[in-house]
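Take a look at the letters that make up each chain.
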Amino acid sequence: MTDTDSVISCHNLWKVFGPGQMPELNERTTTQDLQAGGHIAAVRNVSLSIKRGEMLVVMGLSGSGKSTLVRCLARLIDATSGAVMVEGRDLGAMTEAQLIDLRRRKMGMVFQSFGLLPHRTALENVAFPLEMRGQDRASRIARATEMLSLVGLKGREGYFPRELSGGQQQRVGIARSLAVEPDIWFLDEPFSALDPLIRREMQDEFLRLKAMVAKTIVFITHDFDEAIRLADRIAIMKDGMVEQCDTPERIVMAPATPYVAKFTSAVDRSRVVRAGALSRPVNGRSVEGDALAANATLHQIARIIACDPRDFIPVRAADGSVGLMDRAEALDILLGPDLPETAA
Amino acid sequence: MTAAALSPAPASFDRRRTAQALLLLAALLATGRNILPEALLRPPEALVIPFAAWINAAFAFARDDLGLMALTRAFSDLVEFGLDVTANLLYGKARWPRLGPIPWVVIAATAATLGHALGGRRLAAFAGGTFVWIAVMGQWQWAMETLSVIVVAAPLSVLLGLALGTLAWRFSVAERVLNPLLNIAQSLPHFAYMIPVVVFIGIGPKAGAIVTIIFSVPPMIRLTLLGLRAVPPEIIESGKMSGATRWQLMTRVRLPAARTEILIGVNQVIMQSLAMVVLASFIGMPGLGQKLLQLLQALKIGLSFEIGTTIVLLAILLDRMSKAAAHRQPVHHAAGATFRQRHPHLLAWLALTAIGFALSALHPYFTEVERKQALSLAGPVDAGVDVLLTVVAPLADWLRWFLITWVLIPLRDAFLWLPASAVLVFVAGIGWRVGGRRSALVCLAFALPIALSGWWDRAMITVYMVTVSVTLALLIGLPLGLIAAARPKRAARMLLVCDTLQTFPSFIYLIPVIMLFGVNDVAVIAAVVVFATVPILRYTVEGLRSVPPELVEAALMSGANPRQMLWQVKLPLAVPTLLVGANQSIMFSLFMVIIAAFIGTQDLGQEMQRALSSADVGKGLVLGFAVAFIGLLADHVLLTWSRNRVESLGARR
Amino acid sequence: MQRQTRLLLTAASFALGAGMAQAEDSTDPITIPIHNWSSQIVMSNVVGQMFESEGLAVEYVSTDSQAVYEAVRLGDATLELEVWEGAFGASFRAAVEKGGIVDVATHNAITREDWWYPSWTKEACPGLPDWKALNDCAAKFATPETGDKGRFLGGPVDWLKHDQEKVDALGMNFVVVNAGSAAALWAEIAAAEKTKTPIVVFNWTPNFAEAVWPGEFVEFPAWEEGCDKDPAVGPVPDKTYDCGNPANGYLKIAAWDGMAEKWPKAYATLQKVSFTNPQIAEMAKLVDVDGMEPEDAAAKWLADNEAVWKTWVE
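Keep in mind the model is a prediction, meaning the values are calculated, not measured.

The rules behind each value
Residues numbered from 1 in each chain as written. Chains lettered and ligands numbered in written order. Predicted model: local features only at pLDDT ≥ 70, side-chain atom pairs only at ≥ 80, totals over all residues. Heavy atoms only, no water. Helix = DSSP H or I, 4+ residues; strand = E, 2+ residues; numbered from the N terminus. Buried < 20%, exposed > 50% of the residue type's maximum accessible area, 1.4 Å probe, protein only. Contact = heavy atoms within 4.5 Å. Areas by Shrake-Rupley, 256 points an atom, 1.4 Å probe, with all protein chains shown as cover. Lys, Arg positive; Asp, Glu negative; His and termini not counted. Charge placed at Lys NZ, Arg CZ, Asp CG, Glu CD. Expected span 1.5 Å × (residues − 1). Salt bridge = Lys/Arg side-chain N within 4 Å of Asp/Glu carboxyl O. Buried area = accessible area lost by both parts, 1.4 Å probe. Polar contact = N/O pair within 3.5 Å; in protein donor to acceptor, adjacent residues only side chain to side chain. Nonpolar A, V, L, I, M, F, W, Y, C, P; charged D, E, K, R; others polar. Core = buried A, V, L, I, M, F, W, Y, C linked by side-chain atoms within 4.5 Å. Domains from an automatic or database assignment. Pairing = 2+ DSSP bridges. Axes fitted to C-alpha atoms, helices over the stretch in contact; angles between N-to-C directions. pLDDT = per-residue confidence, 0-100.

S.K.: When you look at the overall build of chain A in this model, what are you seeing that I'm missing?
M.R.: Scanning chain A from terminus to terminus reveals 14 helices and 14 strands. Evaluated residue by residue, chain A yields a buried proportion of 49% over its 344 residues. Residue pairs at least 24 apart in sequence account for 65% of intrachain contacts in chain A once pairs closer than 6 positions are excluded. When the accessible surface of chain A is split by element, carbon and sulfur atoms take 51% of a total near 15,800 Å². Computed over 42 positive and 44 negative side-chain charges, the inter-centroid distance for chain A is 5 Å.

If you want it as structure tokens, here you go:
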């Protein structure tokens, strides 16, 4: 992957908190080295690249450094070392004016506890970024009204944040972050503060919006199910380092470290793994009957797999090529592997 | 051994031992007084530092050579312009814009509408009622004179507080510089800076306004700082991500988000401004305060009581209004609401104002009520005070005899008998006990200059009066607080009494107290105790009420009876709050002891009066600093102690 | 010669004319400070209204009676109508030394400040007003804080009355307790009145107390020049202050030294102002006893006493 097709990327990014002189930071720097000087690394040597239109979910437990990472990517805090490139420009080298200009045109962000201004109505909150960049009153009100109806808050324009429910407040937050039509959309645990039912509803809403707006997205969450549900790619973080950055399927099927494996063990693989992932080259075997779509999850085609008499089921990829899926392997994923005791 | 095992850290054990050693040394110095060399009894003449002369030299330099006066005078002219405008509008002083005076009915209607907008019907009635009271009692002119100054001083104070608070928030250097200045500004007796203000600012309403600003700005600065620090980081980040520049972030995100704290600051500014009404009249603040002093001088207790009531009413009204504004949350209007629906108060106000102007055109009574037409409560009040004085006179005589012979004179002699060295070591020991070496040094840094200023004996008399007053205040305030806190309704009523006592101009107490006890320390202490009990009462109630309910429930489930509940659970948990109350009580006492110089004392306050009459800036300020340092010393010890308690309670929980 | 004389005369008249033009009073308001006792407030209003009748602008400003001298010196206040020798002499002298303030005139009124008692005291101590008789019944003035000695309630210490020295010099059986303000003195007298308790306090004339509580000054050995400095003067050969206070203290008018130039007409008037003891007592009475507002009291006084002040304003 090169920088040319990436919208935002970081290279050897470090964020170290602590007093005085920073130690030298490279891939060999250890936690012990840092602790000796009273330093704590929140982000350690992270390199990531996100393509245009891609959605990267950064997943980690609290204290894993994911929020710090996203703040470095948005330069809400300055990285200690390493570089963040946005569309080929070094974010760290920008002047304050350039940074402000960038945020006014290219970036939007949604926050965990919404970050709404308590003294402004929903409409005024959504119009706030437009007001900052000096847009005239009529056009920003029109745009904000449009954004609010997009997130389903038509008729609540005059409400103040505290008069809205948590889900509604976050809808305002989302509308605000999209008001300037940013290219890059940061979402920092946007649904964590919501109760489970609302969270689900908001995730659906998010997917709907995502399909409409086509942004490059960096999404932070501590909820693995959420990550799997939404992500193109997932970066799993632990102690400031990225343990693995891959597609949900790869993470589930081929965890890179024991930590990731532990994480994925409880996941219902059938909902993650798609038919394409089990598709093998034909290799001269016979291809019989109808082919399945490669992008369907096993869960979606469970009934077919269970009832299909063929041992090898053809799978057609998006480019039209066909491969074969081993039905037994698919059933293993759907039902869990045959255990000797139960077999007996 | 057990002590060491119980104490959480060896450092604290060391601290206790060092403190004990110091206190023991102090006790030794005191018992061995008669064999001590002269130099340990009182600082020798040679060591006394001529602070006053230095200050006078610096003052003369600033005035004559530095040209500071031109600057301050230019600033005060600016303030005066504002004052002229409000003075014209409110009571028709012959200045631009020459529109005033606004008829009292219009102002009362405005206040009522504002009250309704902020706090509903009750506040509307209270606001309107207050102004009607002022008008029919014939105090309109005086009250408007007072308000014309406050209306200018309070907003200036708010702006200045916002600016300085922001500065302190932005630059830690500014905070470090401001902090001690604020402490001193709040604890320096007003008489100390009266002459400098007269020189640099002049006299009249502008000087009154500026003294008011000096006195009221510290809480505004502190609360601005607090508010800015408390803004949730996500709100700031959301502002940044919206592409706000620093200025936009400050004006449209941080300050509005800190609104609640800032409005509490505004509330404090208003309350402090009203507290200054009487004192500021010493240098030309016109209105209620000036009238009050004049009436007291002629022993017209009833009339001055009326004025006091007006000041209390205004204070409570402005307090309620600003608090309502602080707690008011914006409410949206239904989409498509008409102008009338969206602005009912504006329209009501316009209508009432029009009616008011019409009424005042019909009859001058509605413009201003003449003194001749005014009602008065003075007769009954005077009679009431008279009866009260006669009834309690025998008791007061006995109390006077008892306190003077058996308590005050022996105590006072004891305070003066103590060697200065013993007191200094004692102070260091107490400091060491509460906060280790650092606190010991802080305490000494406050106490030593007093010894070296040459006013030791006077300072000891001040300390003696404050000690006696605060002790009495504790004896009265604690039980009362315990009784009041038992029921929420009673507590609310008691807090209202506290508000009233606190805002009632302290000068009014002085006269009845002299009539009861005569010119002596009993009278002084009686006047001080009235004032010093208020914070103890208030904080006892607050402290007991703020005990977490789950702890009370836990104690109930453990089978605690009411007595155990109070002594084992509630009181220990309320100690930090009580200490803050005691601290406030000391501050109030110091303030009042200095004012009680008008009764007749032999302490720092009396010397301050003398310095005032000889326009001796240096001496006045040295005495003022001595008073301030006594206050700051007590403040440091008690607040550190309270913080330690909070920490240890926090650790235990 | 004649021509020259005429030229000179013309020049002189021009100069005079120019001078006259300059002598026009400024339109800025004259700032008159008022304090917290009635006679001073009424007198300030009386003089203020006199100035107003001359077409001048006047403003009143309330100030502390001690801090006011600094204000007059700097021109913030234009004048001060009651400079009591006893109470404010020190402040006034200090201000004069620093410069900026001038002694404009002295009232006809004489002030007397000394030990004083209200009439009911005489019943307890019939020998009064003689000081020896007072000393003989010292025990009747005893209070808890003075033990078996009598208490004399003095004025504030900053008034610099030498009461303690007097007690020492005359060997009196009294302790001096200083009140902190005039109001404290009045309060004590008012309290004593209820029970007709004998009391001896510091007091002065003219003031409103005379109208409320009739009483007399204690007669000490008469003041002689030098009694306060030379031990030989007075009845006790080796002590100073072995005498009463002078029975004729001054009551002066002070003004900012720029006043004569800025408001020459007003200044000329001010130089002529002089009130007598009865006039001052009358002014105080209008407010303190009749309950009038100061400005109304002043207007009434001016209406009743046109003969007195019309000549002052030409």
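S.K.: I would appreciate a short explanation of helix α12 (residues 277-288) of chain C in the present structure.
M.R.: All names here are of chain C. When the terminal C-alpha atoms of α12 are compared, their 16 Å separation across twelve residues agrees well with the 16 Å that a helix rising 1.5 Å per residue should span. Within α12, the full set of buried residues consists of Gln-279, Ile-280, Met-283, Ala-284, Leu-286, Val-287 and Asp-288. On the buried face of α12, the contacting elements are α2 (38-53), β3 (79-84), β10 (251-256), α13 (294-304) and α14 (306-309).

S.K.: Looking at this structure, how should I read the pattern of salt bridges?
M.R.: Any two side chains of opposite charge can pair, given that their charged atoms come close. For the coordinates displayed, the defined rule picks out 53 salt bridges over all chains. One salt bridge in this structure joins Lys252(C) and Asp103(C), with 2.8 Å as the shortest N-O distance. Pair noted here: Lys252(C) is in strand β10 and Asp103(C) is in strand β4 (residues 101-106), with a separation of 149 residues, a long-range link. On the basis of relative accessible area, Lys252(C) is assigned to the buried category, the value being 13%. Taking the shortest distance from any N to any O, the salt bridge between Asp304(C) and Lys300(C) comes out at 3.2 Å. Here the residue Asp304(C) and the residue Lys300(C) both occupy positions in helix α13, the gap between them amounting to four residues, near one helical turn. Assessed through its relative accessible area of 49%, Asp304(C) is described here as partly exposed. When its relative accessible area of 35% is taken as the criterion, Lys300(C) is described as partly exposed. Look at the salt bridges and you will find they share partners, linking Arg52(A), Glu87(A), Lys106(A) and Asp183(A) into a network.

S.K.: Explain the interface of chain B and chain A here, please?
M.R.: Interface size is often expressed as the accessible area that is lost when the parts come together. Residue-level contacts link 21 residues of chain B with 31 residues of chain A. Note on chain B versus chain A: buried area summed over both sides is about 2,300 Å², and carbon and sulfur give 58% of it. Counting the surface chain B buries against chain A, the share from its top three residues, Glu234(B), Met241(B) and His332(B), is 30%. Across the contact surface, chain B and chain A share three salt bridges. One salt bridge connects Arg246(B) with Glu96(A), and the closest N-O pair in it is separated by 2.8 Å. Linking chain B with chain A are ten residue pairs in polar contact (both at pLDDT 80 or more), by the criterion used here. When contributions to the side of chain B that touches chain A are tallied by element, the ones reaching two or more residues are α11 (233-241) and α12 (246-257) of chain B. Considering every element that reaches the side of chain B that touches chain A, the biggest residue donor is α11(B), with seven residues. Within the side of chain B that touches chain A, the residues separate by chemical class into eight nonpolar, eight polar and five charged.

S.K.: Would you take a moment to explain the nonpolar core for this structure?
M.R.: A general trend in soluble globular proteins is that nonpolar side chains are found buried together. Phe131(B) and Phe51(C) are the most contacted members of the largest nonpolar core, which has 262 residues in total. Per-element tally for this core: the top contributor is helix α28 (residues 617-652) of chain B, with 13 residues. When residues of this core are sorted by domain, at least three fall in each of domain 1 (27-110 + 249-309) and domain 2 (112-217) of chain C. When sequence neighbours within four positions are dropped, the list of residues in contact with Phe131(B) reads Trp104(B), Ile107(B), Ala108(B), Ala111(B), Trp140(B), Met144(B), Leu147(B), Leu314(B) and Leu317(B). Counting residues in hydrophobic clusters, the runner-up holds 46 residues, among them Ala127(A), Phe219(A), Phe224(A) and Ile234(A).

S.K.: Sorry if this is basic, but what is going on with the interface of chain C and chain B here?
M.R.: Tallying the contact residues gives 49 residues for chain C and 54 residues for chain B. Interface of chain C and chain B: buried area, both sides summed, is about 3,900 Å²; carbon and sulfur atoms make up 59% of it. Across the contact surface, chain C and chain B share five salt bridges. For Asp386(B), the salt bridge identified is with Lys194(C), shortest N-O distance 2.3 Å. Our count for the contact surface shared by chain C and chain B stands at twelve residue pairs in polar contact (both at pLDDT 80 or more). Top contributing element to the side of chain C that touches chain B by residue count: helix α8 (residues 182-195) of chain C, with nine residues. The class makeup of the residues in the side of chain C that touches chain B is 25 nonpolar, ten polar and 14 charged.

S.K.: Help me understand the environment of Pro232(B) in this model?
M.R.: Checked against the element boundaries, Pro232(B) lands in the loop between α10 (205-230) and α11. As for Pro232(B) and Ala258(B), which are separated by 26 residues in sequence, their C-alpha atoms are 9.5 Å apart.

S.K.: Looking at this structure, how should I read the sheet that holds strand β14 (residues 322-326) of chain A?
M.R.: Neighbouring strands of a sheet are bound in pairs by backbone hydrogen bonds; such pairs are parallel or else antiparallel. All names here are of chain A. Read from one edge to the other, the open sheet built from four strands follows the order β11-β14-β13-β12, with strand pairing classed as mixed. The open sheet has two edge strands, β11 (279-280) and β12 (292-293), and neither has a second partner. The sheet contact formed by strand β13 (residues 312-316) and β14 spans five bridges and is antiparallel. The residue of β14 that forms the bridge with Val-315 is Gly-323. Across the sheet, helix α13 (residues 327-335) touches β11, β13 and β14, and the angle it forms with β14 is around 60°.

S.K.: Which parts of the structure should I look at to understand the confidence of the model for chain B?
M.R.: As a general rule, the predicted coordinates of low-pLDDT regions are not to be interpreted in detail. All names here are of chain B. With 98% of its residues at a pLDDT of 70 or more, chain B has an overall mean of 89. Within the model, the stretch residues 1-9 combines pLDDT values under 50 with three contacts to residues more than four positions away or in other chains. Across the predicted assembly, pTM comes out at 0.85 and ipTM at 0.87.

S.K.: Sorry if this is basic, but what is going on with unusual backbone geometry here?
M.R.: Across residues other than glycine, the phi torsion is negative in most instances, and most of the peptide bonds are trans. Backbone torsion omega between Trp96(B) and Pro97(B) reads 5°, so that peptide bond is classified as cis. A cis geometry characterises the amide bond from Thr205(C) onward to Pro206(C), with omega recorded as 5°. A positive phi is found at Arg98(B), a non-glycine position, where the angle reads about 55°. Relative to the assigned elements, Arg98(B) resides in the loop between α5 (68-91) and α6 (104-136).

S.K.: Looking at this structure, how should I read the domain arrangement of chain A?
M.R.: All names here are of chain A. Its domain assignment divides chain A into domain 1 (3-106 + 182-267) and domain 2 (270-343). For domain 1 versus domain 2, the separation of C-alpha centres amounts to 33 Å. Buried area between domain 1 and domain 2, summed over both chains or domains, comes out near 440 Å², and the portion from carbon and sulfur atoms is 81%. Contact with domain 2 buries area across many residues of domain 1, yet Ile-228, Glu-249 and Met-253 alone supply 83% of it, more than any other trio.

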